[in-house]
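# Analysis of the macromolecular model
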Amino acid sequence: QTLPYEEQLKLKAGQVLELMKAVVPNAADIFEGIRKSPQQFGYRNKMEYTFGDEVKDGPLALGMHKRGSFHDIVNVTDCQIVDEDYRKILACTLECARESGLPYYHRMRHVGYFRHLLVRKAVKTGEILVDLVTASDTAELGVDPAEAMKKIQTFKEAWLEKMTAMNFDGTLVGILHTKNDSLADVVKDEGTEVLFGQDYFYEELLGLKFKITPFSFFQTNSLGAEVLYETAREYIGDTNEKVVFDLYSGTGTIAQILAPVAKKVVGVEIVEEAVEAAKENAKLNNLDNCTFWAGDVLKVIDELGEVPDLIMLDPPRDGVNPKALMKILNFGVERLVYIACKPTSLARDLEMIQGRGYKVEKISGVDLFPGTGHVECVVLMSRK
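Overview of the structure. Per chain, the residues get numbers from 1 upward, laid out in the order the sequence is written. Local features are withheld for residues below a pLDDT of 70 in this predicted model, meaning they are given only at 70 or higher, and side-chain atom pairs are given and counted only at 80 or more; totals for whole chains, interfaces and linings count all residues. The basis for the side-chain values is all heavy atoms of the structure; hydrogens and waters are excluded.

A few words now on the overall build of the chain. Check the secondary structure of the chain and you find 10 helices and 17 strands. Relative to the 2.2 N^0.38 estimate, which gives 21 Å for 384 residues, the radius of gyration of the chain is 23 Å and therefore close to what a compact globule would have. The principal-axis extent of the C-alpha atoms belonging to the chain is close to 70 × 45 × 40 Å. Within the chain, the proportion of its 384 residues that are buried is 53%. Looking at the chain alone, contacts between residues at least 24 apart form 66% of all its contacts between residues at least 6 apart. With residues, only the protein chains shown are counted as cover, and all accessible areas are computed by Shrake-Rupley using a 1.4 Å probe. Of the roughly 17,200 Å² of accessible surface on the chain, a fraction of 51% belongs to carbon and sulfur atoms. Counting rule for charge: Lys and Arg are taken as positive, Asp and Glu as negative, and neither His nor the chain ends is counted. Charge coordinates come from a single atom per side chain, which is NZ of Lys, CZ of Arg, CG of Asp or CD of Glu. If you average the places of the 45 positive and of the 58 negative side-chain charges in the chain, the two averages end up 4 Å apart. Helical segments are the DSSP runs of H or I of at least four residues, strand segments are the runs of E of at least two, and each set is numbered from the N terminus. We take the radius of gyration over the C-alpha atoms and set the globule estimate at 2.2 Å times the residue count to the 0.38 power. Burial classes: relative accessible area under 20% of the type maximum marks a residue as buried, over 50% as exposed, and values in between as partly exposed (1.4 Å probe, protein chains only). What makes two residues a contact is simply this: any of their non-hydrogen atoms within 4.5 Å.

Structure representation (structure tokens):
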């Protein structure tokens, strides 16, 4: 974070190139460097904040986990990877939560009320969705359950009144309340109530519209995602009258970006909610040549009833299951594009892909996370 942005990009480019040199013989000749994020600051479209305390028995805090600590929460009132609207929502929610006198949910004792605050904001449309995540049980709050319910109701009314009266740069389209009694310290939907507005918002990427719910997967840097997907589209090349498989397709973003210039696109994704979102977004964009399958790529790929001409891979951080990768390579497609959010997983998978007769044609990095050590990679491979 202390480095000028150009220096950050040089560092990331060096790291990616060194990794690729170890597995791709001519990596230095085909590496196209790192494509930068259009925004260095305020680029995130989603944040998950956690309630807790900064020091043991200290005042209520709402922010991020302190590095290396399971317990301590750091207030992040001046965080620069989000814009001013996030900081306003954070300050308002913390103030109202402190005034309520209700405790945060203790992650070891599993008692308390406030758990997380989820904020999402579209860069293109400016629409904002806010979701407060709490425990549902009022019996363990240290007061009579009826008194606890009264406190909760008073808090909600005060919070809603302040939130809806605030001036945002964007447009507040929904305020939600999600109940979560999971023992794990994760945001989990066990029932969501709409307190104001609606439970979704819209974002736009490369001229397409996407409906996003609180828990939908969507790239967290919208403008950076456009650079990533433009790179992938450029690498996959001519898709006219071709069948394209988009494996690990998420909410179908890449599939829909390719669909207007392809004969057919088939997406496969293991998360069922993401598949439903993909189908809905395809309808929203009037795309009738996209189909989406819910299931594990390893199991579903044999049931698709299609033979692809081209394949787009965008796997999770651990890369592609080796058995699934064997099945994918057995199609023998002319071009394969791999998008990786973890370059080390990509390097491992490239060894197998090259061993099956593919040549790496181009490698590019895309910086979706300025100020951090993370970088996405896009690789084009063609059959020898």
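Picking up after the structure, the text goes on.
With that settled, consider the packing of aromatic side chains. Working definition: a ring pair exists when centres of Phe, Tyr or Trp rings (six-membered ring for Trp) sit within 6.5 Å. Plane angles under 30 degrees give stacked, over 60 give edge-to-face, the rest tilted. Tallied over the full model, the rule gives 7 aromatic pairs. Between Phe155 and Trp159, the aromatic rings sit 5.9 Å apart at their centres with planes inclined by 10°, giving stacked as the arrangement. Placement of both Phe155 and Trp159 in helix α4 (residues 145–165) is noted, with a separation of 4 residues, approximately one turn of the helix. Judged by its relative accessible area of 2%, Phe155 is buried. Classification of Trp159 as buried rests on a relative accessible area of 0%. Counting every residue linked through ring pairs, the aromatic cluster contains Phe51, Tyr113, Phe114, Phe155 and Trp159. Both a distance and an angle decide whether a charge sits over a ring: NZ of Lys or CZ of Arg must be within 6 Å of the ring centre and within 35 degrees of the ring normal. Over the aromatic face of Tyr105 sits the side chain of Arg115, whose NZ or CZ is 3.9 Å from the ring centroid. Across the ring face of Tyr202, the terminal group of Lys209 is positioned such that the distance to the ring centre comes to 4.8 Å.

Now for the state of the cysteines. Here, the word disulfide means a covalent bond between the sulfur atoms of two cysteines. The definition used for a disulfide is geometric: two cysteine sulfur atoms within 2.5 Å. Throughout the structure, instances matching the rule amount to 0 disulfides. The thiol of Cys96 is not disulfide-bonded; the next cysteine sulfur, from Cys92, is found 4.4 Å away. Given a relative accessible area of 2%, Cys96 falls into the buried group. For the unlinked cysteine Cys377, the closest cysteine sulfur is that of Cys341, found at 9.8 Å.

Quick look at the side chain of His116 now. Examined against the element boundaries, His116 turns out to sit in strand β5 (residues 114–121). Classification of His116 as buried rests on a relative accessible area of 4%. Sequence-distant contacts of His116, that is, excluding residues within four places in its chain, are made with Tyr49, Thr50, Phe51, Asp131, Leu132, Val133, Asp185, Val186 and Val187.

Buried together is how nonpolar side chains tend to be arranged in soluble globular proteins. Residues belong to a common nonpolar core when they are buried Ala, Val, Leu, Ile, Met, Phe, Trp, Tyr or Cys residues joined through side-chain atoms within 4.5 Å. Counting residues in hydrophobic clusters, the biggest one holds 45 residues, and the most contacted among them are Leu247, Leu313, Ile328, Leu336, Leu350 and Met381. Per-element accounting of this core gives the leading share, 6 residues, to helix α1 (residues 5–21). Those residues in contact with Leu350, other than ones at most four positions away along the chain, are Met20, Val23, Val24, Val360, Val379 and Met381. In this structure, Phe201, Ala278, Leu310 and Phe369 belong to the second largest nonpolar core, which totals 41 residues.

On to a negative patch on the surface, then. Negative charge collects at one region of the surface, where Asp181, Asp189, Glu190 and Glu273 lie side by side. Considering the arrangement of structural elements, one finds Asp189 in the loop between β7 (171–179) and β8 (192–197). Residue class for Asp189 comes out partly exposed when judged on its relative accessible area of 40%. Candidates for patches are residues over 30% relative accessible area with no salt bridge; among them, like charges are joined within 9 Å and nonpolar side chains (Val, Leu, Ile, Met, Phe, Trp, Tyr) within 5 Å. Should a side-chain nitrogen of Lys or Arg be within 4 Å of a carboxyl oxygen of Asp or Glu, the pair is scored as a salt bridge.

Before going further, it helps to spend a moment on the sheet that holds strand β11 (residues 243–247). Reading across the sheet, the 8 strands line up as β1-β16-β17-β15-β14-β11-β12-β13 and stay open at both edges, with mixed pairing between neighbours. The open sheet has two edge strands with one neighbour each: β1 (31–35) and β13 (290–294). Between one strand axis and the next, the sheet turns by 15° as a mean value, whatever way the strands run. Bridge count for β11 against strand β12 (residues 264–269) is 5 bridges, and the pairing is parallel. Across the sheet, residue Asp246 finds its bridge partner in β12, namely Gly267. By definition, two strands form a pair when at least two bridges between them are found by DSSP. Lines fitted to C-alpha atoms define the axes here, with helix axes fitted over just the stretch in contact, and angles between the N-to-C directions of these axes take values from 0 to 180 degrees.

Strand order across the open sheet formed by 7 strands is β4-β3-β2-β5-β6-β7-β8, with mixed pairing between neighbours. Looking at strand neighbours, the two that pair on one side only are β4 (73–75) and β8, the edges of this open sheet. When strand polarity is set aside, the average angle formed by the axes of neighbouring strands in this sheet is 35°. As judged from the 4 bridges shared by strand β2 (residues 46–53) and strand β3 (residues 60–65), these two strands associate in the antiparallel manner. Looking at β3, one finds that Gly52 is bridged to Ala61. With respect to the sheet, helix α3 (residues 84–100) is in contact with β2, β3, β4, β5 and β6 (127–134), its orientation differing from that of β5 by roughly 160°. Of the strands in this sheet, β5, β6, β7 and β8 touch α4, which is tilted by about 160° from β7.

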